[in-house]
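Listed here are the chains, written in short residue letters.
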Amino acid sequence: MILILAPDTDKDSTEYRQLLEFLSNLENIQHRVHDEKGTQQLLTEIYLVGDTAVLQTDEMVSLPCVERVVRVSEEYRVLGRHHDDQRPTYFDYHGVRFGQDNLNIFAGLCAVDIPEHVEIMVRALAEHGQVCTRMGAYKPRTNPYSFQGHGKACLPWVFELAGKHGIKVIAMEITHDAHIREIQQALEDAGNPTGVMLQVGTRNTQNFELLKAIGREADFPVLLKRGFGITLEESLNAAEYLASEGNRRVVFGLRGMKTNMGDPHRNFIDFAHVPVIHRLTRMPVCIDPSHSVGSRDATHDGIMDIFHVTAQGVIAGANMVLVDFHPYPGKALVDGPQALHMDELGYFLEDIGIARKAYESRLKLARKAHATAGAD
Ligand code: PEP
Ligand code: MN
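Every value quoted in this text rests on a predicted model; they were computed, and no experiment measured them.

Enquirer: In this structure, what is going on with the nonpolar core? I would like to understand it.
Expert: Nonpolar side chains tend toward joint burial in soluble globular proteins. One finds Met135, Phe159 and Ile183 to be the most contacted residues of the largest nonpolar core, which totals 89 residues. Counting residues per element, this core draws most heavily on helix α7 (residues 232-244), which supplies six residues. When residues are assigned to domains, this core turns out to be shared by domain 1 (2-73) and domain 2 (91-366), each giving three or more. When sequence neighbours within four positions are dropped, the list of residues in contact with Phe159 reads Ile170, Met172, Ile183, Ala186, Leu187, Pro193, Thr194 and Val196.

Below, the structure is given as structure tokens:
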């Protein structure tokens, strides 16, 4: 059960103390307080776990400071969508809204290499009105002798260049909790010119200690990639690890599954799960066409598979697209063969625009169809 308190509830008030005292005296029920600091107000929620079936909803809603009560019937207590659940399906970070109802594009370098390439990328994004990018500094590689990323050494100039070109959010994978401090420090030293969305890669989806450490971190939102060899339910539980520790600003990323059933794509595309995640949880959904497809192959219609699968995800309501670009893919240190080229950025964004408009038209049509059905 979740108790949603009145906005800006004062923790020093007598009412709040009475509420906590009441909750502490409930037998076999533990409670956990979660604060969400928005730009306008502080929202406090209290999660009750244990024998909550005995609690009466109308009794709980009449407790001091309590505004609403949500009975948690399904899994994913914090991130899930529950019956009568009106909690928000979006969050704001660094002036950018991430929600189940909008779309942000994160085009960028799979791996940061040299300042010149980073600048070409972020300048092009700015020219196309984009405020988000992806930049890999810590790269988890299959082969221990492959380039592992520049790590913290590149952070100062990556952040500076991003800020210089108006980039507000960079998706950046981390593979160890020590990287959180390195990013925090580098951002602070640079005067916070940009923001970072921490990315948990598919190889770390079930690295529970890493998830707990990131979950305790209130500063950054998180992009959690689905594990490439586990069920959707297992990956959603991994997302819940972040939220259960306090960080609920989570975007769920689809990036394909590891099975030869997807050949010749690098992974089996799983973008049909976009609406499923929207239904089960309140998380915005990201799709990663680059790591799903893994090549620049195109068919006779002249359209690359990367474009086709992006359109499939967007037309189903995806909220974020993470995609690899590189100004000189032949020189890219990681994943060059799947990178889109700089002169394809405008084309890619326009193609996404078509798919998004189609999704919006489908939404309108669905509303009309439901209204007609309801009138019968
Ligand atoms: C990446 O986005 O660079 C990446 C390594 O993705 P994944 O974890 O999905 O393989
Ligand atoms: Mn990659």
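Enquirer: Where do I start with the sheet that holds strand β2 (residues 29-37) in this structure?
Expert: Within a sheet, each strand pairs with its neighbour through backbone hydrogen bonds, oriented either parallel or antiparallel. The strand order β2-β3-β1-β4 describes an open sheet built from four strands, whose pairing is antiparallel. A strand with exactly one partner marks an edge of an open sheet, and here the two such strands are β2 and β4 (66-70). Neighbour-to-neighbour, the strand axes of the sheet open up by a mean angle of 20°, direction not taken into account. Relative to strand β3 (residues 42-50), strand β1 (residues 2-5) runs antiparallel, the two sharing three bridges. In the sheet register, Ile4 faces β3, and the bridge partner there is Glu45.

Enquirer: It is not clear to me how the pattern of salt bridges should be interpreted in this structure. Could you clarify?
Expert: When the charged atoms of two side chains with opposite charge come close together, those side chains can pair. Under the defined criterion, the tally for this structure stands at 18 salt bridges. In this structure, Arg123 and Glu119 form a salt bridge, with 3.7 Å as the shortest nitrogen-oxygen distance. One end of the pair, Arg123, and the other, Glu119, are both in helix α3 (residues 115-127), four residues apart, so they sit about a helical turn from each other. Among the ionic pairs, Arg266 bridges to Asp335, the shortest N-O distance being 3.3 Å.

Enquirer: I would appreciate a short explanation of the site of ligand 1 in the present structure.
Expert: All residues in the neighbourhood of ligand 1 are listed as Cys110, Arg134, Lys139, Glu173, Gln199, Gly201, Thr202, Arg203, Lys225, Arg255, Asp288 and His291. Contacts to ligand 1 include Arg203, whose side-chain N or O atom sits 3.0 Å from an oxygen atom. Contacts to ligand 1 include Arg255, whose side-chain N or O atom sits 2.6 Å from an oxygen atom. Its free accessible area being 290 Å², ligand 1 has 97% of it covered by the protein chains. Of the residues contributing to the shell around ligand 1, the split by class is one nonpolar, four polar and seven charged.

Rules and cut-offs
Residues numbered from 1 in each chain as written. Chains lettered and ligands numbered in written order. Predicted model: local features only at pLDDT ≥ 70, side-chain atom pairs only at ≥ 80, totals over all residues. Heavy atoms only, no water. Core = buried A, V, L, I, M, F, W, Y, C linked by side-chain atoms within 4.5 Å. Buried < 20%, exposed > 50% of the residue type's maximum accessible area, 1.4 Å probe, protein only. Helix = DSSP H or I, 4+ residues; strand = E, 2+ residues; numbered from the N terminus. Domains from an automatic or database assignment. Contact = heavy atoms within 4.5 Å. Pairing = 2+ DSSP bridges. Axes fitted to C-alpha atoms, helices over the stretch in contact; angles between N-to-C directions. Salt bridge = Lys/Arg side-chain N within 4 Å of Asp/Glu carboxyl O. Near = heavy atom within 4 Å. Polar contact = N/O pair within 3.5 Å; in protein donor to acceptor, adjacent residues only side chain to side chain. Areas by Shrake-Rupley, 256 points an atom, 1.4 Å probe, with all protein chains shown as cover. Nonpolar A, V, L, I, M, F, W, Y, C, P; charged D, E, K, R; others polar.

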